[in-house]
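So the chains spell out like this:
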Amino acid sequence: MSETPDTYVRERATEGRKDLRYPEAPEPLAVPVYDNHCHLEISDGPSTGSGTAGLSLGEQLDRAEAVGIAGVVQASGDIESSRWAVDAAESDPRVLAAVAIHPNDAPTYAEAGRLDEAIAVIDELAARPRTRAIGETGLDYFRTEEPGRAAQHASFEAHIALAKKHGIAMQIHDRDAHDDVLETLRRVGAPERTVFHCFSGDDAMARTCADAGYYLSFAGNVTFKNAQNLRDALAVAPRDRILSETDAPFLTPVPLRGRPNAPYLIPITLRFMAAELGVDVDELGAQIAANTLEVYGSFA
């Protein structure tokens with residue numbers, strides 16, 4: 001492949017962000033867990049004057065390992081980032097790949113007459129042994145308006161078919177589209193292991209997802225003051241259906257909100273979740289680690 005794992009696909013915008021320094025590492029976890037959704041192909045971090053200088057893949061993984069993060073699932077949104085994810089997974093045993101065309105990119109590919117071609121590339125990448133998920137795919141009615149939604153739906157259903165074809169998990173991006181995402185999964189039939197990445201629903205939706213056997217992945221925004229719906233969802237989610245993620249470099253948990261996010265900050269979110277649930281952090285970590293391996297298989 002043309003990309004090396006340490007060649008960034010793109011940079012994160014710096015506009016309106018006051019502090020681009022990576023935070024100090026939190027106290028390490030005693031029980032290792034995993035970051036089941038991150039975007040390490042995006043450069044982020046200290047300003048260099050001409051852009052941003054992020055951490056290399058190796059630096060990201062070393063920092064994560066030092067605080068008890070045993071591995072990451074590198075998610076994708078287009079052809080380039082999907083290839084990067086597979087390269088990363090094949091270069092380091094601490095990485096597994098998820099490949100997909102993001103719902104907000106699907107209309108762009110469709111307008112160019114390239115959506116079928118792009119999905120064919122994802123099909124090829126999904127066959128690689130260290131590709132363990134199709135993701136992120138789904139529906140986004142926040143950024144994509146009505147004219148682009150037909151392409152989103154077509155792409156979503158094609159990705160569902162790929163997850164089933166290859167017998168791997170699927171990571172769903174669902175923004176302001178809860179009802180249609182759930183309806184599509186019911187109508188088409190969800191893959192055996194379906195994950196709602198960065199779960200954004202409420203307790204009622206959490207119960208619906210749990211009843212269907214879906215996994216709910218919680219990111220740093222569960223710590224945000226205005227995210228009571230996420231805490232309500234966490235409270236009712238079965239422990240064997242909970243996953244943890246960063247969505248790095250986005251959604252940095254409180255009190256570091258606004259600074260670059262990275263897998264090594266998972267302990268902050270995990271400790272917050274354990275406190276909300278009133279359980280021991282080691283107990284919750286062990287359950288989440290087991291859930292992660294159940295969804296994606298071994299990292300070894």
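This text follows the structure it describes.
Residue numbers run consecutively from 1 along every chain, following the written order of its sequence. Where totals are concerned, whole chains, interfaces and linings use all residues; where local detail is concerned, this predicted model gives features only for residues with pLDDT of at least 70, and gives and counts side-chain atom pairs only at 80 or more. Note that the side-chain values use all heavy atoms of the structure and ignore hydrogens as well as water.

1. With respect to the packing of aromatic side chains
Working definition: a ring pair exists when centres of Phe, Tyr or Trp rings (six-membered ring for Trp) sit within 6.5 Å. Plane angles under 30 degrees give stacked, over 60 give edge-to-face, the rest tilted. With the rule as written, the count across this model stands at four aromatic pairs. Ring geometry for Phe199 against Phe218: centres 6.0 Å apart, planes inclined by 55 degrees, an arrangement best described as tilted. One end of the pair, Phe199, is in the loop between β8 (194-196) and α7 (203-211); the other, Phe218, is in strand β9 (residues 215-218), and 19 residues separate them in sequence. The same class applies to Phe199 and to Phe218, which are both buried. We call a charge positioned over a ring when the NZ of a Lys or the CZ of an Arg lies within 6 Å of the ring centre and within 35 degrees of the ring normal. Its end group placed over the ring of Phe142, Arg175 keeps NZ or CZ at 3.7 Å from the ring centre. In this arrangement the basic side chain of Arg241 is found over the ring face of Tyr215, its NZ or CZ atom lying 4.5 Å from the centre. A helix here means a DSSP run of H or I that spans at least four residues, while a strand means a run of E at least two residues long, and both kinds are numbered starting from the N terminus. To sort residues, take the accessible area from a 1.4 Å probe on protein chains only and compare it with the maximum for the residue type: under 20% means buried, over 50% means exposed, and anything in between is partly exposed.

2. Quick notes on empty space enclosed by the protein
Only protein atoms enter the 1 Å grid used here. Points where a 1.4 Å probe fits but cannot escape make up a cavity, open sets with protein on both sides within 12 Å along at least five of seven lines make up a pocket, and a residue lines them when an atom lies within 4 Å of a point. Grid points are joined across faces, edges and corners, and a volume is the space filled by probe spheres set on the points. Inspection of every chain in the model, using the stated rule, returns one cavity of 30 Å³ or more. As a volume, the largest cavity reaches approximately 50 Å³. Forming the boundary of the largest cavity are Tyr8, Tyr22, His39, Leu40, Ile42, Leu55, Gln60, Ala248, Pro249 and Asn261. The residue makeup of the lining of the largest cavity, split by class, is seven nonpolar, three polar and no charged. Side-chain classes are defined by residue name, with Ala, Val, Leu, Ile, Met, Phe, Trp, Tyr, Cys and Pro counting as nonpolar, Asp, Glu, Lys and Arg as charged, and the others, Gly among them, as polar.

3. Comments concerning the environment of Pro255
By the secondary structure assignment, Pro255 is in the loop between β10 (242-244) and α9 (266-277). For the pair formed by Pro255 and Phe224, sequence separation is 31 residues and the distance between their alpha carbons is 9.0 Å.

4. Some thoughts on the packing of helix α8 (residues 228-236) against α9
It is at 10 Å that the axes of α8 and α9 come closest, and there the two elements cross at 70 degrees. By the criterion of interaxial angle, the relationship of α8 to α9 is roughly perpendicular. Helix-helix and strand crossings are classified by hand; for α8 and α9 the assignment is right-handed. Between α8 and α9, the residues in contact are Arg231, Leu234 and Ala235 and Phe272, Met273, Glu276 and Leu277, respectively. Class assignment of the residues belonging to the contact of α8 with α9 gives a composition of five nonpolar, no polar and two charged. Lines fitted to the C-alpha atoms define the axes, with helices restricted to the stretch that makes contact. Angles between their N-to-C directions range from 0 to 180 degrees. By definition in this entry, angles of less than 35 degrees are roughly parallel, angles greater than 145 are roughly antiparallel, angles of 65 to 115 are roughly perpendicular, and the rest are oblique. Left-handed is the label given to a crossing in which the near helix is rotated counterclockwise from the far helix by less than a right angle, and right-handed is the label when the rotation is clockwise. In this description, contact between two residues means that some pair of their heavy atoms is separated by no more than 4.5 Å.

5. What to know about the sheet that holds strand β5 (residues 95-99)
In spatial order, the strands read β2-β4-β5-β6-β7-β8-β9-β10; together these eight strands make up an open sheet with parallel pairing. The sheet is open, and its two edges are formed by β2 (33-38) and β10, each paired on a single side. Here the average twist between neighbouring strands, direction ignored, is 30 degrees. Where β8 and β9 come together, two bridges link them in parallel fashion. Being paired, for any two strands, means DSSP has found at least two bridges between them.

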